[in-house]
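# Topology and contacts: notes
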Amino acid sequence: MFKFLSKHIGEVAVSLTVIICACFFVHFFTVGTTLSSVIEEQAVKRAEFYVKEQSQYVEKQFNELISETEYYAAKASTATSEENFREIIIGIKSSGELNANECSVELFYSENGKIYKYDGSLTDNYPKLNELINSTETKFSKVFQYENNVRVFAVSANTIDCEYAQSVIVLFDCEPSVSLKSFAYDAENQPIDCIKRSDFSLLVKNDGIIIDRIENEGNPFQVGTEPVQKGIINSLFTDKKTCAAAIESVEGKGVSSFTFLKEAEKYVLTINAFGEDRGGFALVDAFKISNVYADGYAMSESIWSSIIGIAIVMLALILSVVITRMAKKKEIYRLEMLDPVLNCSTPKKFEKDAGDILKRHQSTNFAFVSLQINNFSYLLKKFGDVKTQNLTKFTATAIRQALYVEETFGYGGEGEYLVLLHYKERQNFVDRLNGIYLRISSFAMQEGDENHKISVSCAVYEVEQSERASTRNILDKLKIIKEATTVRMGSFSIDFYEDLLRENYLRKAEIESRMETALENSEFHLFYQPKYNLKNKTMDGSEILIRWYDPKIEKYRGPNEFLPVFEENGFIDKIDRFVFYKACENIASRISKRQICYPVSVNVSRVTATQSDFTDYYIRIKNKFEIKDNFITIEFTESFAYENYKYLSEIVSKLHANGFLCSIDDFGTGYSSYNILKTIEMDEIKLDKFFLSKGFSEQRDQALLKSVIDMVKQFGMKVTQEGVETREDLYRLEELGCDVIQGYYFAKPMKYVDYLEFIDKNFINK
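Residues numbered from 1 in each chain as written. Predicted model: local features only at pLDDT ≥ 70, side-chain atom pairs only at ≥ 80, totals over all residues. Heavy atoms only, no water.

### Observations regarding the overall build of the protein
Which entries qualify depends on this criterion: Elements are defined by DSSP. Helices are runs of H or I of four residues or more, strands are runs of E of two residues or more, and each kind is numbered from the N terminus. Burial classes follow relative accessibility: with a 1.4 Å probe on protein chains only, a residue under 20% of its type's maximum area counts as buried, one over 50% as exposed, and anything between as partly exposed. Note on contacts: a residue pair is in contact if any heavy atoms of the two residues lie within 4.5 Å. All accessibility values rest on the Shrake-Rupley procedure with a 1.4 Å probe; residue burial counts only the protein chains present in the view.
For the protein, the helix and strand inventory stands at 25 helices and 27 strands. Per-residue burial over the protein gives 45% buried out of 766 residues. Long-range pairs, those at least 24 residues apart, make up 62% of the contacts in the protein between residues at least 6 apart in sequence. Just so you have it, the protein exposes about 40500 Å², and 52% of that area is on carbon and sulfur atoms.

Structure, rendered in structure tokens:
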């Protein structure tokens, strides 16, 4: 123990210090978090107190209006005859008493379920007035338009003790009858405390239209003139549930508060709705937490400053440990740069050395070569480690002896050698590789046995002067050549990347020459792949795919053959729009025949989604065929979302506003998965088949899939698993709470007529 401590005293001291600091950090963090929570709760209570104080002033104005109305009702109650009643009513109106406070607009009275103007003329054009006459107590109406005044409301005194009328109704102008400015300022024209504390105070009517407002200096909010539900509330809350709750509070009754962040500051939005008996009026205020709870907020800031200080100390200690470990890793890396058996570069060192050579000689042509001893695993099994290791050494020596100045090579393992050679002309280069092969082939695996002659294949990527791609990319292209040429002919073969490109070019040219004609001749067909709802045990709609029937070969081309070409040349935009148009046409046709129709999903490529008229076209076609809202889902790929967060968020919002649902396809294949969940409001997440593939641990596979499904569902999105091919996968997904499955186990993609037959047979007639 003593020897260990004396040897590792530095690491032990740092570790103990880090542990102690971590304990303090955790303690302060817990205290700070608890205090912040308490402060936030107290701030909310204080904000509600200030709003209630404002409400008292507003309620006072309501009571004054009630008193005024009941006064006129009492005056009318003194009538001794019907004529005398009318004289009193006309007298109230003509005397000027009614408009003494510049609040009143008009005077009415009700008799036998009908409403009359003060002059006795019958009035039946205002439903809001009719709603008042059956009440047994003084009642407020909601705000409505009377003649040219769009902001009036009525107060009805239904306690009139008169046989000639049931109630007296006074019509008031919203301003100045009920306002904020009438009480917001003191004798020195300074805002009172409950107003001064808020960033803005709004008096709104039942539909959210702002009647009166006070916006204090330094207010960071753009309140605007829209109804608060669509305007300020919608802009403050990105969470749908919170936004919906705030909107509901405006239209309900009582006090509600909601906290939010803006520009790194915490705020609380407090709403006091007066309810139906006060005409649906509401107060909406925003308070900065530091304004309503300054002392506690300062204490919280102090604690968090301490936490940050401890974090910096911990970070410094961790950095010292990291730097030490980096030094050790550097030493390990140096050891990893040299193959200890062959005394040549490892792939890491080859990649670095080759990149350096290319930078030094930008006017020289080079070629990368992957030289592979074929059937290496067989040779190892057949002849053993020693003999095979001798072969690798012999090959390394043969390559080393063939190198010129500023050329290099490395050993990639499993009989593969990575080589960088000068390149001038193909035939001379081939002859040079052939010379290297002849040296290698002279190695005898077994004395006198010619059946085990060494076989070698080379994949070549030619690097021209004008091209200086990263070495990593070039090595990836070498892998493409190797994978594309799986069949090796003879004892020595050479495959060039340029030749592979030429084959792809010819295939691409043939597709491009025929694509327009194919679209005109209806060679592109819509295929429907049904989806199954695990919870409801029924169809959940289908995804529409595109297939190209080629009459020249009398069969369908694979999508992977033509779709990448269309993506590259932009023709995919026409295909996407063709698919969407036909999908809408099929839906409309089905509905016109009064036949059951299921929702559909259509794919949109990044090319289509970035067109300036993308959303306008899709909205126009949807409306043209009168497709109902939430019946069509637009699927975007995860890779597109990764490159276009802000743009995609904007078009998704526009699509949502026009009745489309939106989905992310191939979720989990890229690096952007969690960012998508965080920044874009999607309706559905389609999990890639990757989640069903087997890893090295079934427990990890299950835990990963469960966590993703649970997380997506917590965000309120539908979870669809693609690529379901077995009953076991279905049971597994059902147990984990997945919503929908799609895959060959339930149904393969099928022609439209087959799809209709499928749903008619399996679902509609059941």
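Moving on, there is more to tell.
### Focus on a nonpolar patch on the surface
Convention followed: Exposure above 30% relative accessible area and the absence of a salt bridge qualify a residue for a patch, where like charges join within 9 Å and nonpolar side chains (Val, Leu, Ile, Met, Phe, Trp, Tyr) within 5 Å. The term salt bridge refers to a pairing of a side-chain nitrogen on Lys or Arg with a carboxyl oxygen on Asp or Glu at a separation within 4 Å.
On the surface, Leu315, Leu319 and Ile323 cluster together into a nonpolar patch covering about 290 Å² of accessible area. Within the element layout of this structure, Ile323 appears in helix 10 (residues 294–336).

### Here we look at helix 25 (residues 752–764)
For the α-helix, the turn length of 3.6 residues means that residues three or four positions removed from each other point alike. Heads up, the condition is: As used here, the arc belongs to the directions running from the helix axis to the C-beta atoms.
Among the residues of helix 25, those classed as buried are Tyr755, Leu756, Phe758, Ile759 and Phe763. The buried residues of helix 25 occupy one face: seen down the axis, they fall within an arc of 160°. The exposed residues of helix 25 that point more than 90 degrees off its buried face are Val753, Glu757 and Lys761. Elements that come into contact with the buried residues of helix 25 comprise strand 18 (524–533), strand 19 (538–550), helix 17 (572–592) and strand 27 (750–751).

### Some remarks on the side chain of Thr720
Defined as follows: Nitrogen and oxygen atoms within 3.5 Å of one another constitute a polar contact, given that in protein one can donate a hydrogen and the other can accept it, and given that sequence-neighbouring residues count only through two side-chain atoms.
Assignment of secondary structure puts Thr720 in strand 25 (residues 718–721). Of the residues examined, Thr720 reaches a relative accessible area of 0% and is grouped as buried. At 2.5 Å, the side chain of Thr720 and the side chain of Glu684 are in polar contact. What Thr720 contacts, discounting residues up to four positions off in sequence, is Lys531, Glu684, Ile685, Lys686, Leu687, Val740 and Gln742.

### Here's the deal with the pairing of strand 16 (residues 456–463)
What counts, and what does not: Pairing between strands is defined by DSSP: at least two bridges between the two strands are required.
Taken across its 8 residues, strand 16 has 8 buried, putting it largely inside the fold. Residues of strand 16 alternate between two faces, with Val456, Cys458, Val460 and Glu462 on one and Ser457, Ala459, Tyr461 and Val463 on the opposite face, all of them buried. As paired elements, strand 13 (residues 366–373) and strand 16 share 8 bridges and run antiparallel to each other. If you follow Phe368 over to strand 16, its bridge partner there is Tyr461.

### Things to note about the sheet that holds strand 16
Convention followed: Lines are fitted to the C-alpha atoms to define the axes, a helix being fitted only along its stretch in contact, and any angle between axes, read from their N-to-C directions, falls within 0 to 180 degrees.
Read from one edge of the open sheet, 5 strands run 14-15-13-16-17, paired in mixed fashion. Of all the strands in the sheet, just strand 14 (408–413) and strand 17 (492–496) have a single pairing partner and so form its edges. With direction set aside, neighbouring strand axes in the sheet form an average angle of 20°. The pairing of strand 13 with strand 15 (residues 416–422) spans 7 bridges and is classified as antiparallel. Residue pairing for strand 15: Val369 is matched across the bridge by Val419. Lying on the sheet, helix 11 (residues 347–360) is in contact with strand 13, strand 14 and strand 15; it crosses strand 14 at an angle near 155°.

### Let's talk about the nonpolar core
As a rule of thumb, nonpolar side chains are buried together in soluble globular proteins. What counts is decided by this rule: For the purposes of this section, nonpolar cores are sets of buried Ala, Val, Leu, Ile, Met, Phe, Trp, Tyr and Cys residues that join through side-chain atoms within 4.5 Å.
Counting residues in each nonpolar core, the largest one holds 78 residues, and the members touching the most others are Phe566, Phe580, Ile632, Ile634, Phe636 and Met682. The element that contributes the greatest number of residues to this core is helix 17, accounting for 8 residues. For Met682, the residues in contact, after removing those within four places along its chain, are Phe636, Leu648, Val652, Cys662, Ser663, Ile664 and Met717. Counting 54 residues, the second-largest nonpolar core is a separate cluster that includes Ala73, Leu98, Phe153 and Phe281.

### A short note on the pairing of strand 6 (residues 149–157)
Two strands pair when backbone bridges link them, and strand 4 (residues 139–140) and strand 6 are joined in this way by 2 bridges, in the antiparallel orientation. Opposite Lys139, over in strand 6, you have Ser156 as the bridge partner. Looking at chain direction, strand 5 (residues 144–146) and strand 6 are connected through 2 bridges and run antiparallel. Residue pairing in the sheet places Tyr146 in a bridge with Asn149 of strand 6. In sequence, strand 5 turns back onto strand 6 through a hairpin of 2 residues, with Glu147 there showing a positive phi of about 55°. Bridge analysis of strand 6 against strand 7 (residues 167–173) gives 6 bridges, and the strand direction is antiparallel. Among the inter-strand pairings, Val152 is bridged to a residue of strand 7, identified as Asp173.

### Here we look at the pattern of salt bridges
A side chain with one charge may pair with a side chain of the opposite charge, provided their charged atoms come close. Applying the stated criterion across every chain, the model contains 40 salt bridges. A salt bridge links Asp212 to Lys181; the nearest nitrogen and oxygen atoms lie 2.4 Å apart. Here Asp212 is found in strand 9 (residues 210–215), whereas its partner Lys181 is found in the loop between helix 5 (174–177) and helix 6 (193–196), with 31 residues between them in sequence. Sharing partners across several salt bridges, the network here consists of Glu510, Arg514, Glu523, Asp550, Arg557 and Glu561.

### Considering the packing of helix 17 against helix 19 (residues 614–624)
Threshold: When describing relative orientation, an angle under 35 degrees is termed roughly parallel and one over 145 degrees roughly antiparallel, while 65 to 115 degrees is termed roughly perpendicular and anything else oblique. Crossings are assigned a handedness: left-handed for a near helix turned anticlockwise from the far helix by less than a right angle, right-handed for a clockwise turn. Amino acids outside the nonpolar list (Ala, Val, Leu, Ile, Met, Phe, Trp, Tyr, Cys, Pro) and the charged list (Asp, Glu, Lys, Arg) are all regarded as polar, and Gly is one of them.
The interhelical angle for the contact between helix 17 and helix 19, taken along N-to-C directions, is 20°, at an axis separation of 9 Å. Classified by the interaxial angle, the pair formed by helix 17 and helix 19 is roughly parallel. Both helix 17 and helix 19 take part in a crossing whose hand is right-handed. Contacts from Asp576, Arg577, Phe580, Tyr581 and Cys584 of helix 17 reach helix 19 at Phe614, Tyr617, Tyr618, Ile621, Lys622 and Lys624. Looking at the contact of helix 17 with helix 19, its residues break down into 7 nonpolar, no polar and 4 charged.

### Topic: the packing of aromatic side chains
What counts, and what does not: Between rings of Phe, Tyr and Trp, where Trp is taken as its six-membered ring, a pair exists when centres lie within 6.5 Å; planes separated by under 30 degrees are stacked, by over 60 edge-to-face, and by other angles tilted. Consider the ring centre and the ring normal. A charge sits over the ring if Lys NZ or Arg CZ is within 6 Å of that centre and within 35 degrees of that normal.
Under the counting rule described, the total for this entry stands at 50 aromatic pairs. Ring geometry for Phe108 versus Tyr146: centroids 6.0 Å apart, planes at 90°, classification edge-to-face. One end of the pair, Phe108, is in strand 1 (residues 104–111); the other, Tyr146, is in strand 5, and 38 residues separate them in sequence. Judged by centre distance (5.3 Å) and plane angle (80°), the rings of Phe527 and Tyr556 are edge-to-face. One end of the pair, Phe527, is in strand 18; the other, Tyr556, is in strand 20 (residues 555–557), and 29 residues separate them in sequence. One aromatic cluster is present, formed by Phe62, Phe140, Phe153, Phe172, Phe274 and Phe281 through successive ring pairs. Seen from the ring of Phe527, Arg547 lies directly overhead, with NZ or CZ sitting 5.9 Å from the centre.

### Section: helix 8 (residues 240–250)
Residues Cys243, Ala246, Ser249 and Val250 constitute the buried set of helix 8. Seen along its axis, helix 8 keeps its buried residues to an arc of 120°; they face one direction. For helix 8, exposure combined with an orientation more than 90 degrees from the buried face picks out Lys240, Lys241 and Glu248. Those residues of helix 8 that are buried lie in contact with strand 8 (198–204), helix 7 (232–236), strand 10 (254–262), strand 11 (265–273) and strand 12 (282–288).

### Looking at the sheet that holds strand 12
Taking strand neighbours across the sheet as the criterion, the 5 strands line up as 9-8-12-11-10 in an open arrangement whose pairing is antiparallel. Each of the sheet's edge strands pairs with one partner strand only, and the pair in question is strand 9 and strand 10. Pairwise comparison of adjacent strand axes, ignoring direction, gives a mean angle of 15° for this sheet.

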